[in-house]
Amino acid sequence: MIKNEKAIHQHRKDEHLSLAIKYWREQRNKTAGLTFSDLRLIPNTLPEIALEDIKLSSNFLGTSFEFPFYIEAMTGGTPRADKLNAQLAQIAKSQGLAMAVGSQSIALKYPELAAGFKNVRALHPSGFLFANLGAGHSLENAKRAVEMIEANALEIHVNTAQELPMDEGDRAFRWLDNINEISEKLEVPVIVKEVGFGMSQQTFKQLSETAVSAINIGGNGGTNFAWIERKRSQNGFDIDDFGLSTVESLLEAQLSPPTKPLIATGGITSAQDIVKSLILGADLASSAGFLLSTLNESGVEAVEALLEQWKADLAKWMTLLGVVNIIDLKQVDTLLSPRALSFIEQRSGKIW
Ligand SMILES: Cc1cc2nc3c(=O)[nH]c(=O)nc-3n(C[C@H](O)[C@H](O)[C@H](O)COP(=O)(O)O)c2cc1C
């Protein structure tokens, strides 16, 4: 029976990978919400700087990240997932990037599956690694997950809109006190992370009152777990169009008093998306599905080349905008589309 449960859990992990790859191959990464095209950037015709002046590093949780981007949480706990994590760790190391592992829940339940997660640390010994668990886990489990990969921080994922379309998903979502307790007592910083349905002002307010160190707004427009889980399930709960996009979630954060440092995830597929995320207030951006899809279609070297391109492009974008460091990107002059203005008008003063 126990062996069967383990096999079911592992099967779910592999199905997530296959369906995410199918999703990106079919180019389903659309959103009904605001996209990065709703934000235009004003040219700086006389930037008075040189490309060599540009500093791409970003300070986040007391650490200097060489590049304001990292590889986001995906997987672990099956032979296929472990192979993927090893490839991602190799890429993260060669590119000097941080990396998050996927949920370690499976390895807490079946400790013999921890080896693949530990291998990520072995392959990227000095890298900044994020552990990852769901919000229902105890402080003890959070400590074990961090210890497993000697993590520098813990991501706690919040995923109501993923669980409800799952036949076998959770049906109770009382998390806030637990998140606060873990954030207060864990020895590394805690980041609360949506998995692709975005966050509103109400959520920023709730989290601002906790000991959480940072927030990953996890907006829609990229991998859609409502779609992925619906493909796996029989219950027919269709919420494919639900949620706030990455751009909308960042605007919601701007409509809130400054709360915590922000990470932008959800549909990041270019240096331009990273630049615009930083302009909209994020300190870092990260990407999951698009990198998985590129890795699957074209291999490790292609992902490395892509990330090299993003670094070069980011420096060029900053030169174009006349900005020498990441912090100053927040001052860049922008133009919002009429529907973005309407969003801001409708959402202003909702909570605060
Ligand atoms: C195959 C796959 C598995 C994922 N598993 C996890 C997970 O275990 N924990 C988590 O916090 N997020 C998980 N995610 C969500 C991503 O970290 C990210 O929040 C989401 O995919 C949106 O980013 P994207 O559009 O760049 O893919 C997973 C994503 C993919 C594609």
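Residues numbered from 1 in each chain as written. Predicted model: local features only at pLDDT ≥ 70, side-chain atom pairs only at ≥ 80, totals over all residues. Heavy atoms only, no water.

**Topic: the site of the ligand**
Then comes step 1: By nearness alone, 24 residues border the ligand, and A73, M74, S103, T223 and G289 come closest of all.
Then comes step 2: Separating an oxygen atom of the ligand from a backbone N or O atom of S103 is a distance of 2.8 Å.
Then comes step 3: One of the side-chain nitrogen or oxygen atoms of H157 is found 3.4 Å away from an oxygen atom of the ligand.
Then comes step 4: Here the ligand has 600 Å² of accessible area as a free molecule, and 97% of this is covered by the chains.
Then comes step 5: For the shell around the ligand, the secondary structure elements donating two or more residues are α1 (2-25), β8 (190-194) and α12 (289-298).
Then comes step 6: With 4 residues, the single largest contributor to the shell around the ligand is α1.
Then comes step 7: Across the shell around the ligand, the residue classes tally to 9 nonpolar, 12 polar and 3 charged. (Near = heavy atom within 4 Å. Polar contact = N/O pair within 3.5 Å; in protein donor to acceptor, adjacent residues only side chain to side chain. Areas by Shrake-Rupley, 256 points an atom, 1.4 Å probe, with all protein chains shown as cover. Helix = DSSP H or I, 4+ residues; strand = E, 2+ residues; numbered from the N terminus. Nonpolar A, V, L, I, M, F, W, Y, C, P; charged D, E, K, R; others polar.)

**Description of the UniProt feature "binding site: FMN" (unreviewed entry) in the protein chain**
Then comes step 1: Mapped onto the present numbering, the UniProt feature "binding site: FMN" (unreviewed entry) falls at A73, M74, T75, S103, N132, K193, T223, A288 and G289.
Then comes step 2: Position of M74 relative to the elements: it lies in the loop between β4 (69-71) and α2 (79-95).
Then comes step 3: According to the relative accessible area criterion, M74 is partly exposed, its value standing at 21%.
Then comes step 4: Here T223 shows up in the loop between β9 (214-216) and α9 (225-232).
Then comes step 5: Assessed through its relative accessible area of 15%, T223 is described here as buried.
Then comes step 6: Filtering out sequence-adjacent residues up to four positions away, T223 remains in contact with Y23, W24, I228 and G289.
Then comes step 7: Looking at T223, its side chain comes within polar contact range of the side chain of W24, at 2.9 Å. (UniProt positions renumbered as here; feature names shortened; annotations may be inferred. Buried < 20%, exposed > 50% of the residue type's maximum accessible area, 1.4 Å probe, protein only. Contact = heavy atoms within 4.5 Å.)

**So, the nonpolar core**
Across soluble globular proteins, nonpolar side chains show a tendency to be buried alongside one another.
Then comes step 1: Residues F69, L154, L186, W310 and L329 are the most contacted members of the largest nonpolar core, which totals 101 residues.
Then comes step 2: It is helix α13 (residues 300-321) that contributes the most residues to this core, 9 residues altogether.
Then comes step 3: Leave out the neighbours within four places in its chain, and F69 touches L97, I268, I274, L284, A285, S286, S287, L291, L307 and W310.
Then comes step 4: Membership of the second largest hydrophobic core comes to 13 residues, among which are A100, A153, I263 and L284. (Core = buried A, V, L, I, M, F, W, Y, C linked by side-chain atoms within 4.5 Å.)

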